[in-house]
Amino acid sequence: MSKPDALTALGEMLGDRFSRSKSDLDLHGRNETYFPLLPPDAVVYPETTEEVAKIVRICAAHGVPLTGWGRGTSLEGHALALKGGISVDFSRMNRVLKVHPEDMDVVVQPGLTREELNRELRATGLFFPVDPGANASLGGMASTRASGTTAVRYGTMRENVLGLEVVLADGRVIRTGTRARKSAAGYDLTGLFVGAEGTLGLITELTLKLHGQPEAISAAVCAFDEIGPAVDTVIQTIQLGIPMARIEFVDAATAAAFNSYAGAEMPEKPHLMIEFHGSASAVAEQAESFGQIVADNGGDGFSWSSRPEDRTALWTMRHNAYYACLGLRPGATALVTDMCVPISRLAEAVEETRADIARSSIPGPILGHVGDGNFHAILLVEPGNEAELAEAKALSHRMVERALRLGGTVTGEHGIGMGKLGYMEEEHGQAWDVMGEIKRALDPSALMNPGKMVPGN
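Residues numbered from 1 in each chain as written. Predicted model: local features only at pLDDT ≥ 70, side-chain atom pairs only at ≥ 80, totals over all residues. Heavy atoms only, no water.

- The name an unreviewed UniProt entry gives the chain is D-lactate dehydrogenase (cytochrome), with Rhodovulum visakhapatnamense as the organism.
- UniProt, in the comment section headed Cofactor (unreviewed entry), describes the chain in these words: "FAD".
- Here the chain is described in UniProt, under the heading Sequence similarities (unreviewed entry), as follows: "Belongs to the FAD-binding oxidoreductase/transferase type 4 family." (UniProt positions renumbered as here; feature names shortened; annotations may be inferred.)

1. Some words on the overall build of the chain
For step 1, the next point in the chain: For the chain, the helix and strand inventory stands at 17 helices and 18 strands.
For step 2, the next point in the chain: Computed over the C-alpha atoms, the radius of gyration of the chain is 22 Å, within 12% of the 23 Å expected from 2.2 N^0.38 for a compact globule of 457 residues.
For step 3, the next point in the chain: Along the first, second and third principal axes, the C-alpha atoms of the chain reach 70 × 55 × 40 Å.
For step 4, the next point in the chain: Within the chain, the fraction of its 457 residues that count as buried is 56%.
For step 5, the next point in the chain: Restricting to contacts in the chain with at least 6 residues of sequence separation, those with at least 24 account for 70%.
For step 6, the next point in the chain: With the model as given, the accessible surface of the chain reaches about 18,600 Å², and the carbon-plus-sulfur share is 51%.
For step 7, the next point in the chain: Placing the 41 positive and 58 negative side-chain charges of the chain at their respective mean positions leaves the two points 5 Å apart. (Helix = DSSP H or I, 4+ residues; strand = E, 2+ residues; numbered from the N terminus. Rg over C-alpha atoms; globule rule 2.2 N^0.38 Å. Buried < 20%, exposed > 50% of the residue type's maximum accessible area, 1.4 Å probe, protein only. Contact = heavy atoms within 4.5 Å. Areas by Shrake-Rupley, 256 points an atom, 1.4 Å probe, with all protein chains shown as cover. Lys, Arg positive; Asp, Glu negative; His and termini not counted. Charge placed at Lys NZ, Arg CZ, Asp CG, Glu CD.)

2. Examining the sheet that holds strand β12 (residues 216-223)
For step 1, the next point in the chain: The strand order across the open sheet built from seven strands is β15-β12-β14-β13-β17-β18-β16, with neighbouring strands paired in antiparallel fashion. Two strands lie at the open edges of the sheet, namely β15 (300-305) and β16 (333-340), each paired on one side alone. Taken over all neighbouring pairs, the strand axes of this sheet differ in orientation by 15 degrees on average, direction set aside.
For step 2, the next point in the chain: The sheet contact formed by strand β13 (residues 246-250) and strand β14 (residues 271-278) spans five bridges and is antiparallel. The partner of Arg-246 across the bridge, within β14, is Glu-275.
For step 3, the next point in the chain: Sheet strands in contact with helix α14 (residues 346-359) are β13, β16, β17 (366-368) and β18 (374-381), and its direction is about 5 degrees off that of β18. (Pairing = 2+ DSSP bridges. Axes fitted to C-alpha atoms, helices over the stretch in contact; angles between N-to-C directions.)

3. Overview of the sheet that holds strand β9 (residues 173-177)
For step 1, the next point in the chain: On the basis of which strands lie adjacent, the open sheet formed by five strands has the order β5-β6-β10-β8-β9 and antiparallel pairing. The open sheet has two free edges, formed respectively by β5 (96-100) and β9, since each of these has just one partner strand. Put simply, the sheet's adjacent strands are angled 15 degrees from each other on average, direction ignored.
For step 2, the next point in the chain: Alignment of β5 against strand β6 (residues 105-108), held across four bridges, turns out to be antiparallel.

4. What to know about the domain arrangement of the chain
How big an interface is tends to be stated in terms of the accessible area lost upon association of its parts.
For step 1, the next point in the chain: Once the domains are mapped, the chain shows domain 1 (3-91), domain 2 (96-212) and domain 3 (216-406).
For step 2, the next point in the chain: Between domain 2 and domain 3, the C-alpha centre-to-centre distance is 27 Å.
For step 3, the next point in the chain: Opposite the ten residues of domain 2 that make contact, domain 3 presents eleven residues.
For step 4, the next point in the chain: In total, about 940 Å² of surface goes out of reach between domain 2 and domain 3, with carbon and sulfur atoms giving 55% of it.
For step 5, the next point in the chain: Contact with domain 3 buries surface across domain 2, with Thr-149, Val-152 and Arg-153 losing the most and accounting together for 58% of the total.
For step 6, the next point in the chain: Linking domain 2 to domain 3 there are one salt bridge. (Domains from an automatic or database assignment. Buried area = accessible area lost by both parts, 1.4 Å probe. Salt bridge = Lys/Arg side-chain N within 4 Å of Asp/Glu carboxyl O.)

5. A look at the nonpolar core
For step 1, the next point in the chain: Core analysis: the largest hydrophobic core is formed by 44 residues, its most contacted members being Phe-249, Leu-272, Phe-290, Phe-375 and Leu-379.
For step 2, the next point in the chain: Leaving out residues up to four positions away in the same chain, Phe-290 has contacts with Cys-222, Thr-233, Thr-237, Ile-242, Ile-247, Leu-272, Ile-274, Phe-276, Phe-302 and Trp-304.
For step 3, the next point in the chain: Membership of the second largest hydrophobic core comes to 26 residues, among which are Phe-128, Ala-142, Ala-146 and Leu-206. (Core = buried A, V, L, I, M, F, W, Y, C linked by side-chain atoms within 4.5 Å.)

6. Notes on the pattern of salt bridges
For step 1, the next point in the chain: Tallying each qualifying case throughout the model produces 32 salt bridges.
For step 2, the next point in the chain: When the shortest N-O distance is used, the salt bridge between Glu-226 and Arg-354 registers 3.6 Å. Linking Glu-226 in the loop between β12 and α9 (227-239) with Arg-354 in helix α14, this pair joins segments that are 128 residues apart in sequence.
For step 3, the next point in the chain: Look at Glu-226 and you get partly exposed, because its relative accessible area is 41%.
For step 4, the next point in the chain: Notably, a salt bridge pairs Glu-352 with Arg-402, separated by 3.1 Å at the nearest N-O pair. Of this pair, Glu-352 sits in helix α14 while Arg-402 is found in helix α15 (residues 386-405), placing the two residues 50 residues apart along the sequence.
For step 5, the next point in the chain: Each of the salt bridges in this network shares a partner with another, and the network as a whole consists of Arg-345, Glu-348, Glu-352, Asp-356, Arg-359, Arg-398, Arg-402 and Arg-405.

Structure, rendered in structure tokens:
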């Protein structure tokens, strides 16, 4: 086995779509958060499934690791080449292959982003709803089982991927699932690869569920004096069955960050951001019901808008929350963590986390998709300050312990990557060993995104 031989073969096969330039290697070695630079040995830019399969076969023959790359927007180091090898950049596999409007599904390549897909779908009256905030690639979103602001109504990638084409570690190409909306035929291999973070194979095609564009959309912001009543409002809204399309929480620090970053004029208090989809009459009824719940819980500054430009500004601001929060401490990097708990324990989880951060020396704005019990902390640390990073990791560790104690999960949407690998056994017990057995069955040489997700790879 020889890495130089593999690199030579890949270079001969791909020509200028094989790169070892420092700029390319550094680009594919960076992460959005605190992880160090981890450049791969080379970057390849395939254009077809057949090329991906050839790349994998060459790497398998020479024992060279492969790591998929979409847009590099993940937060736990998922796409970093921890053990070197090849970064497989899917940016040139970015086409919509087939839209089936009557069946409300679409077939796409993995490098297509969610925003690009929705632009292509405008004339059909359909849209793809999963919205993690970043303009991520759809292959990356499937690999990390992404969710985001709209999951409370439309679900996560788990609910919206019907089928996949995947290149396995030995170069075989398989298809999972069908375009049918249900099946009782065999193991759910689609579900296995959605969320596997590229450790079992490279996704080269996706069949996705689409949804009808709503007739009417209305969005609002409201403020609360304390976190508790805001979270109670979310819980009561869910328990009453009011069908929210999005409901987001931001704390006072995040509101201050929005004011500075986006020129907003939000009181420096906890806020909820909400959106309803449906017919005009349904949206009006839902808004009225929600407004009453807000009033009952002491909320104020309640402001609705159905104008597209207002809604766009609101959600653009929310999607840029990470960069807004970084602005609270210029020059800082961040350890961004998340947890997800049952709705009934959400207020307890948020309050305990807020108090824990307040006792620390690190700023840590809290925000999240509280409609499904998921929230995040952006722990701002000085680059190179090992004491601060250690303190941030200790805060994150206590968030993990809190989530498990309250019946939740160590991550609701950010995934495991490099940052949360050490918690898998605690959450899953012997089931984590079973995951390792699946990995060894499909990738016995541990070449697919090694060092991630499972024990001993």
